[in-house]
Amino acid sequence: MTDQSRAEGDIDLLADVPLADRPQHIAIIMDGNGRWAQSRDLPRIEGHRQGVSTVRMISETAAELQIEAITLYCLSSENWKRPQEEVDFLMHLLEQYLIEERRTIMDQGLRLKVIGRRDRLPPRVLEEIDRTLEMSAGNPGTQLVLAIDYGGRGEIARAARQLACEAAAGSLNPESIDEAMIAERLYTKDLPEVDLMIRTGGDLRVSNFLLWQISYSELWITELCWPEFSRDDFLAAIREFSLRQRRFGGLDINE
Ligand code: IPE
Ligand code: IPE
Ligand code: MG
């Protein structure tokens with residue numbers, strides 16, 4: 001695709017989809033790295049390496065479109081089951097990404113947030129996370145949320161544990177626990193509702209991602225693997241989102 005045709009496509013999209021109709025928060029299951037590599041006779045880790053370019057493109061596009069938050073599933077709490085070599089490579093890639101992308105994150109005004117468990121991450125990765133968190137904390141743009149060692153069930157269990165501790169300490173009446181109090185204790189408490197969830201790689205499942213948060217998200221699944229997911233594909237997902245009828249259990253306004 002030439003720059004010219006890309007620019008025309010973008011103008012179309014921006015004209016079609018006013019800010020108010022765009023998703024405020026997009027969550028992405030970035031899947032299919034291994035399959036992308038294996039279908040090209042490459043080792044799986046090459047798929048992860050290539051996937052970083054897609055992350056860069058997505059965060060850049062989200063910032064341009066003034067999307068409020070974008071949450072990327074980088075490592076699930078179940079991914080530790082993979083061979084040590086692959087896990088080590090993923091940690092290395094994460095560290096490299098944080099070092100190399102810091103400038104771009106700052107240039108694009110992105111504000112980093114990380115959700116998931118910290119206690120199993122290597123100190124070097126934590127150090128780079130904290131450095132980028134601190135540096136980008138005052139940025140005004142899109143929140144770039146990385147889900148690392150994240151699992152939805154673990155997150156809900158953690159919230160339940162916190163509530164139980166507060167009840168045991170007498171600072172909260174267990175009878176008063178409602179949905180808002182649970183949501184307040186999730187990693188995502190300061191983020192808007194997830195409007196759109198995208199999964200690449202074609203699998204029709206949620207794989208322990210944002211279980212609480214996606215109750216009324218629109219789903220958009222593509223067979224394309226993450227390393228080949230393009231800016232146009234991302235724009236197409238947002239365009240389709242803007243045309244969906246969301247009812248949240250009610251009826252269409254026109255009915
Ligand atoms: C997603 O790609 C990246 C991570 C889970 C870290 P996969 O590595 O799961 O790729 P496939 O699904 O095996 O092709
Ligand atoms: C989901 O992909 C996790 C990430 C993209 C980080 P998986 O490849 O781990 O999911 P399953 O195992 O196919 O459900
Ligand atoms: Mg996978």
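This one's a predicted model, so the numbers in the text were calculated from it and none came from an experiment.

(A) Molecular detail of the site of ligand 1. The environment of ligand 1 is formed by 13 residues, the closest being Asp31, Gly34, Arg35, Arg44 and Arg82. Between ligand 1 and Arg35, the relevant distance is 2.7 Å, taken from an oxygen atom to a main-chain nitrogen or oxygen of the residue. Contacts to ligand 1 include Arg82, whose side-chain N or O atom sits 2.7 Å from an oxygen atom. Of all the secondary-structure elements, those providing two or more residues to the shell around ligand 1 are α2 (33-38), α3 (44-64) and α4 (84-107).

(B) Structural context of the side chain of Asn208. Within the element layout of this structure, Asn208 appears in the loop between β5 (196-199) and β6 (218-221). Accessibility expressed as a relative area gives 14% for Asn208, which makes it buried. Ignoring anything within four residues of it in the chain, the contact list for Asn208 reads Tyr73, Ser77, Glu78, Tyr150, Gly151, Gly152 and Arg153.

(C) How the structure looks around unusual backbone geometry. Positive phi, normally seen in glycine, also occurs at Asp149, with a value near 50°. The class for Asp149 is buried, based on a relative accessible area of 1%. Look at Ser207: it is not a glycine, yet its phi comes out positive at around 50°.

(D) Summary view of the sheet that holds β5. The parallel open sheet is built from six strands, whose spatial order is β3-β4-β2-β1-β5-β6. Each edge of the open sheet carries a strand with a single partner, namely β3 (111-115) and β6. Strand-to-strand twist in this sheet, taken as the mean axis angle between neighbours without regard to direction, amounts to 20°. Bridging between strand β2 (residues 69-76) and strand β4 (residues 143-150) involves seven bridges; their strand directions are parallel.

(E) Representation of the packing of aromatic side chains in the model. Here the structure, examined in full by the defined rule, presents seven aromatic pairs. With 6.0 Å between their ring centres and 80° between their planes, Tyr73 and Tyr150 make a pair best called edge-to-face. Residue Tyr73 is located in strand β2, and its partner Tyr150 is located in strand β4; the two are separated by 77 residues in the primary sequence. Residue classification places Tyr150 among the buried positions, given a relative accessible area of 0%. Members of the aromatic cluster, connected to one another through ring pairs, are Tyr73, Tyr150, Tyr187 and Phe209.

Cut-offs used in this document
Residues numbered from 1 in each chain as written. Chains lettered and ligands numbered in written order. Predicted model: local features only at pLDDT ≥ 70, side-chain atom pairs only at ≥ 80, totals over all residues. Heavy atoms only, no water. Near = heavy atom within 4 Å. Polar contact = N/O pair within 3.5 Å; in protein donor to acceptor, adjacent residues only side chain to side chain. Helix = DSSP H or I, 4+ residues; strand = E, 2+ residues; numbered from the N terminus. Buried < 20%, exposed > 50% of the residue type's maximum accessible area, 1.4 Å probe, protein only. Contact = heavy atoms within 4.5 Å. Pairing = 2+ DSSP bridges. Axes fitted to C-alpha atoms, helices over the stretch in contact; angles between N-to-C directions. Phe/Tyr/Trp six-rings, centres within 6.5 Å; stacked < 30°, edge-to-face > 60°.

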